[in-house]
Structure formats: structure tokens, C-alpha cells
Amino acid sequence: MRFSQRVCVAPMMDITDRHCRFFYRLLGPDIFLFTEMLHSSAIVNGDSSKLLDFDKSEHPVGLQLGGNEPKVLNQATKIASKFAYDEINLNCGCPSSRVLAGNFGVALMRTPAVVADCIKAMKDGSDVRVSIKHRIGIDDNKDYEFVRDFVGKVRDAGCNLFYVHSRCAMSNLSPKKNRKIPSIDMLKVRLLKRDFPDCQFVANGELDSVAKCISILERSEHLDLPGADGVMLGRAVWKFPALLLELQKAFYPEKNIHSLRDVVEGLDYYYDLQKNLGIDTRRVIRGWANLFNRQKGAKRWRIMLGEGLKPMEIYQMIFHDNYLKINFILAFDTIINNKQQLKININ
């Protein structure tokens, strides 16, 4: 079985909608993408086409579901299977107060038997691969034995793909604070791979560079422990989308790598398409604003994008002008140097 989840972008609420996924696909043609978490009840009782429809260019893409009722998850999975997602994932990692109040997300880690029933129901609802995203613990349940037993129970239910957010969830902290507290513990990902070699584990948590990704994928000879099977990045990609270009180049060097200009041309086409469909372009461009972060001209790009100018128009004004200025300076320096050299030769 080909493992396509070597490098993934995490499902992020109010971020990884279809507009954002189109953007990320331009940056990383072979990187696995996820939807935002969608509650299973919303799919069953709401407008499933509006919630689930996506463009075929987004493949490979997985759907993440939230919920704790096996019967409803079974129905949601059956509906979702008609849309040809590459994977369906159960959220057992979200620590928000609203999710905890609904007794799903990371709260499900306290009831592995319920999670096992949910996984079985999802597998019965579709032939699409079913996976799970979870934490390494919750509140006082921080010992390795807790997450090991959780994974074991879920594995026995038929799940063999685990996305491990390697930070313990703390219900007394806001999700924002919980992104930093407590610290990341990637050791547990390696231990899980050692104890469940028949399963695949994708590491998630503070992976913000190619070097960090490579490090967790490699075997640790010092610890005598295996590496993870894949990596998942979240906020780092939101803040610095161009990181996906680096990841694509590092992990899929044999494939075509897009330039930033190529990406902007794709965004320009998509911008016109969505505008002609009557879509609010403010929603479309949200993720694009950070494309040039850490580069000269990034602030002007964000401002002009917010003012409603088209991506390629902005790119040509900011970055193409800089290119021309640089070349003009170089050409001017060459002329001056040639004149000086000619003067020396004459003398």
C-alpha cells in the first residue's frame, strides 16, 4: 500500500477550507491536505454538498469528522464516501471548550471503547481509509501507558493510521495557550511506532522546518527507536505558506517544483473564477496574505491584497519592480565599471 501521508497539512478550524486548500495545493502538489473538522451531525442533517464538495485538483485530501455517536458517524461516512475523499479522519485531539462540552474531540481519549465503536462504525460506512488524530494525553493522563493503551484499543477496532499531536491536552487552558503548554514530547511518537510496528504514525507538533521534519522521520540510533512514518504541519504553514515549497522540494525532488510566480499566476486565475461565481473574495484571499512573509515586500503584498487588487497585478508592482530595479542597478554598475576600466586603459 502506497503511503501518501508522508507530509501533511493539519486540519485547522476556520483555515483549511477549500480556498485555502487550493492555495496549498499550488505550493505543494504532492502534500496531503485535510478539510476543517466537520461535525458528523452537520453532514447528516445539513447541506452535505455545500459542506463536502471540493475540486478534484485538491487530491490527495482527507476529511476530518467530529462526533461521538457511532450511528451518526456511520451515516456521515456513507455520505462523505460519495465525494471521493482519500481518507476519513476522526478528531480526538481538539481541546476547545465547546468541543469538550460536546464530549468529542480530545474528550474521547478518556473513553477508548467509545472511540473503538466509532471507528468500527466509520469503517462499516465506507471503503475509504479511516484514521484518527489524537493527543499523547489529557490533563493528568500524561503517562505513556495512557496513550499506548488508547492506541491499542483503537488499533484493535481496525484503525492503523494515527496522527499524533505530541502535546498533552489541558482542559483548563485555552486552545491558544495549549499550543505552547505543556511542551512537545516526540519521544512518545517513537515509542508508539516501536510498540505498534504494524501501524503508521504521523508526527504533529511544532514542526516548522524541513530539518525538524527530517529529524523525526529518521531512526534515533541513540535511543534505539524508530522514526515516524510521516509529518503533519499546522500553524507553521499558515504563518509561512512558502514552507510548503521547501517541503515539496525536499520530499518530492523528482516532481515539478513551482516558483512563487507560478503560484501567483494560479491564484490570479482562481481569484477571477471565484469572483465570477459571486464568492466574497475577502474569504478567498485570507490564507494568501502570508505568502511572502519573511520577504521584502510582504507588508505591501498583504495591504494591496486586502484593498482588492488582483494577485498578479500586485506581484508585478512589488516584486517585478524590485527585479527591474536590481537589474538596473547591476547594469548601471557595469557601465560605470566599464568606463573606469576604459579610462585606466587609455591612461
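Structure: see above.
Residues numbered from 1 in each chain as written. Predicted model: local features only at pLDDT ≥ 70, side-chain atom pairs only at ≥ 80, totals over all residues. Heavy atoms only, no water.

**Considerations on the overall build of the protein chain**
Along the protein chain, the regular secondary structure elements total 16 helices and eight strands. Structurally, the protein chain occupies a C-alpha span of about 90 × 55 × 40 Å along its principal axes. In the protein chain, buried positions account for 52% of the 347 residues. Counting only contacts in the protein chain whose residues sit at least 6 apart along the sequence, the fraction spanning at least 24 positions is 72%. Put simply, the protein chain has 50 plus and 40 minus side-chain charges, and the middle of one group is 4 Å from the middle of the other. (Helix = DSSP H or I, 4+ residues; strand = E, 2+ residues; numbered from the N terminus. Buried < 20%, exposed > 50% of the residue type's maximum accessible area, 1.4 Å probe, protein only. Contact = heavy atoms within 4.5 Å. Lys, Arg positive; Asp, Glu negative; His and termini not counted. Charge placed at Lys NZ, Arg CZ, Asp CG, Glu CD.)

**Focus on the pattern of salt bridges**
For the structure shown, the criterion picks out 21 salt bridges. In this structure, Asp17 engages Arg283 in a salt bridge whose closest nitrogen and oxygen atoms are separated by 3.1 Å. With Asp17 in the loop between strand S1 (7-9) and helix H1 (18-27) and Arg283 in helix H14 (residues 281-284), this pair connects stretches of sequence that are 266 residues apart. In this structure, the salt-bridge partner of Lys193 is Asp229, at a minimum N-O distance of 3.0 Å. Placement of Lys193 in helix H9 (residues 187-195) and of Asp229 in the loop between helix H10 (210-217) and strand S8 (230-233) is noted, with a sequence separation of 36 residues between them. On the accessibility criterion, Asp229 (16% relative accessible area) is buried. (Salt bridge = Lys/Arg side-chain N within 4 Å of Asp/Glu carboxyl O.)

**Some points on the pairing of strand S2 (residues 33-39)**
Counted residue by residue, S2 has six buried out of seven residues, so it is predominantly covered. Of the strand pairs in this sheet, S2 and strand S3 (residues 61-66) are connected by five bridges, and their pairing is parallel. Residue pairing across strands places Leu38 opposite Leu65, the latter belonging to S3. (Pairing = 2+ DSSP bridges.)

**Some points on the packing of aromatic side chains**
One pass over the full model with this rule turns up 11 aromatic pairs. Judged by centre distance (4.8 Å) and plane angle (70 degrees), the ring pair of Phe292 and Trp301 falls under edge-to-face. With respect to class, Phe292 is no different from Trp301; both count as buried. Taking the centre distance of 5.5 Å and the plane angle of 35 degrees together, the rings of Tyr315 and Phe319 count as tilted. Taken together, the residues span about one helical turn, with Tyr315 and Phe319 both in helix H16 (residues 311-346) at a distance of four residues. Assessed through its relative accessible area of 12%, Phe319 is described here as buried. Geometry around Phe240 places Arg294 over its ring, the cationic atom sitting 3.5 Å from the centre. (Phe/Tyr/Trp six-rings, centres within 6.5 Å; stacked < 30°, edge-to-face > 60°. Lys NZ or Arg CZ within 6 Å of the ring centre and 35° of its normal.)

**Describing helix H15 (residues 298-306)**
Those residues of H15 that sit buried are Ala298, Trp301, Met304 and Leu305. Down the axis, H15 shows its buried residues gathered within 135 degrees of arc, on one side only. Those residues of H15 that are exposed and aimed more than 90 degrees away from the buried face are Lys299 and Gly306. Remark: Gly308 follows H15 within two positions and exhibits a positive phi of approximately 100 degrees. (Arc of directions from axis to C-beta.)

**Quick notes on the nonpolar core**
Counting 102 residues, the largest nonpolar core has Tyr24, Leu247, Leu291 and Trp301 as its most contacted members. Leave out the neighbours within four places in its chain, and Trp301 touches Val264, Trp288, Ala289, Leu291, Phe292, Pro311, Ile314, Tyr315, Ile318 and Phe319. (Core = buried A, V, L, I, M, F, W, Y, C linked by side-chain atoms within 4.5 Å.)

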